[in-house]
Amino acid sequence: MIFTEISNEELEKFQQNNNERYFFPQSAEYSKMANSNGLKTTILAVKEDNKILAYGLFIYFQYKKYFYKVTAQHGPIMDYSNIELVNFYFKELKKYFAKNIRVLCVRVNPFLNEKFYNDIEFVGENDLAINTNNVLLELDYHPLNDDLFTNPTLASRCVYSKYLDEDITENNLLKNVSQIARYTINRTAKEGVLVREIDIFNEEDAKIFDEINRDTESRIDFVIRDNDYFKSLKNNIGNKLHLLVSYIDCDLFVETTTTTIANLEKEREELNEKLEQGKVNAKKAINRLREYDENIAIWYKKIDKIKELKEEHGNIINLSCASFIESGQDIIYFTSGAMQKFHRYEGPYAVLFHMMKYAINNGFKYFNFFGTSQGFNDENSSDYGVLQFKRNFNGNIEYFMDNYEVRNAIGKIWKI
């Protein structure tokens, strides 16, 4: 085995030809994007007979102008059951950066579940994580007990994801989410909520996307990336980035609902004729006619509400936006936003249902809701409400190993 640097192109080819799971911060595309935004990266691999056995993408985060903290987020990637490989990689990694006096420390986040969960209920420990932790401690890597939620340069230890097994199809997807999600998704269809993919380089689309994000940012006390970031992302990963908006086309809703009402009225009339002719059970027919009247009245009320909405806000009502990244086996739900004043239309549910169907139809194994804090049982946690929203889609917490740090000579004597 040899420990060596590899190029973006070599990593990209490896990831295209192998089905190993990885997250976006360990992709060749991420390295390209980071480089284009002025961040230095290095991809360090273990190879045997010219075959990649392990790799990690490391980002150089500048510290006090001259120094760096070098970090792998959700990496390195390897077969953690191969303890010889694990030991070799982390030993060589430590030696590699020890040569660079500008590197104060190296931080890694082994891509390995430390604990297993069913939804948010703890199931058990992962023996591989215990063994990996022992290797790291022996090599002087120390757990930071810290992650993205307090340090933006680190990876999130916990993500919430839904495994898309082969039994889940577009047709039965609604049976594989919670009753709340099922009801809400069906309601978005009845309310006329539509979903489209936008072009971030189109001025009008970009304005809509940014307006929704800024409205969201103003109330959640969390900075959402601006359009320049999404343009850079699109330039670097192309069709692997999906930017979507949910909306209501008021005129279209009135048109389709008018057709629906006309069909219901025709069916009611036909049933009434059969009742008068004595061709149907009278009790059942009367009950059914009452249902027709109630449904038709509901649809007329929806038309009135949509007309009021159009009069106040215009024909196209933009509700929510989201970004998704294709990352190997995962579709990652990367960012999201919603207009507070149109909250009742539940645009995010429509977007997620749209993209879940896309993930199923394109062979992805995980629908990844991405980072969540470790306080998933704490109602006072800052993202508790967001996690409850994610849980409506019946996934599981993935609890990864800690972020570990090994310090070089200067880093050991300097408080960093």
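Residues numbered from 1 in each chain as written. Predicted model: local features only at pLDDT ≥ 70, side-chain atom pairs only at ≥ 80, totals over all residues. Heavy atoms only, no water.

1. Quick word on the pattern of salt bridges
Okay, so step 1: Going through the model one piece at a time under the given rule, you end up with 18 salt bridges.
Okay, so step 2: Ionic pairing is found between Glu-217 and Arg-214, a salt bridge with its closest N-O pair at 3.3 Å. With Glu-217 and Arg-214 both in helix H6 (residues 203-220), this residue pair falls three residues apart, about one helical turn. (Salt bridge = Lys/Arg side-chain N within 4 Å of Asp/Glu carboxyl O. Helix = DSSP H or I, 4+ residues; strand = E, 2+ residues; numbered from the N terminus.)

2. Some points on the pairing of strand S2 (residues 40-48)
Okay, so step 1: Counted residue by residue, S2 has seven buried out of nine residues, so it is predominantly covered.
Okay, so step 2: As paired strands, strand S1 (residues 2-6) and S2 are joined by five bridges and run antiparallel to one another. Paired with Thr-4 across the bridge in S2 is Ala-45.
Okay, so step 3: Sheet topology note: the S2/strand S3 (residues 51-63) ladder contains nine bridges and is antiparallel. Each bridged residue has a counterpart across the sheet, and for Thr-41 the counterpart in S3 is Ile-59.
Okay, so step 4: Turn length for the S2-S3 hairpin, with the two strands adjacent in sequence and antiparallel, is two residues, and the turn residue Asp-49 shows positive phi of about 50°. (Buried < 20%, exposed > 50% of the residue type's maximum accessible area, 1.4 Å probe, protein only. Pairing = 2+ DSSP bridges.)

3. Describing the state of the cysteines
Think of a disulfide as a covalent bridge from one cysteine sulfur atom to another cysteine sulfur atom.
Okay, so step 1: Considering all chains together, one arrives at zero disulfides under this definition.
Okay, so step 2: With no disulfide partner, Cys-250 has as its closest neighbouring cysteine sulfur the one in Cys-321, 19 Å distant.
Okay, so step 3: Using a relative accessible area of 1% as the deciding quantity, one classes Cys-250 as buried. (Disulfide = S-S within 2.5 Å.)

4. Some words on the sheet that holds strand S16 (residues 396-400)
Okay, so step 1: A sheet is described by the order of its strands in space; here nine strands give the open sequence S8-S7-S16-S10-S15-S14-S13-S12-S11, paired in mixed fashion. A strand with exactly one partner marks an edge of an open sheet, and here the two such strands are strand S8 (121-125) and strand S11 (193-197). Going from strand to strand, the sheet's axes swing by 30° on average, the running direction of each strand aside.
Okay, so step 2: Across the sheet, helix H7 (residues 227-237) lies against strand S12 (241-249), strand S13 (316-327) and strand S14 (330-338), angled at about 125° from S12, the strand it touches most. (Axes fitted to C-alpha atoms, helices over the stretch in contact; angles between N-to-C directions. Contact = heavy atoms within 4.5 Å.)

5. A short note on the packing of helix H8 (residues 250-276) against helix H9 (residues 282-313)
Any two packed helices are characterised by how steeply their axes cross, that is the angle between the axes, and by the distance between the axes.
Okay, so step 1: Two elements in contact, H8 and H9, have axes whose closest approach is 10 Å; the angle formed by their N-to-C orientations is 165°. Compared by their axis directions, H8 and H9 come out roughly antiparallel. When you trace H8 past H9, the crossing you get is left-handed.
Okay, so step 2: Of the residues in the contact of H8 with H9, the class split is 17 nonpolar, five polar and nine charged. (Parallel < 35°, antiparallel > 145°, perpendicular 65-115°, else oblique. Left-handed = near helix turned anticlockwise from the far one by under 90°. Nonpolar A, V, L, I, M, F, W, Y, C, P; charged D, E, K, R; others polar.)

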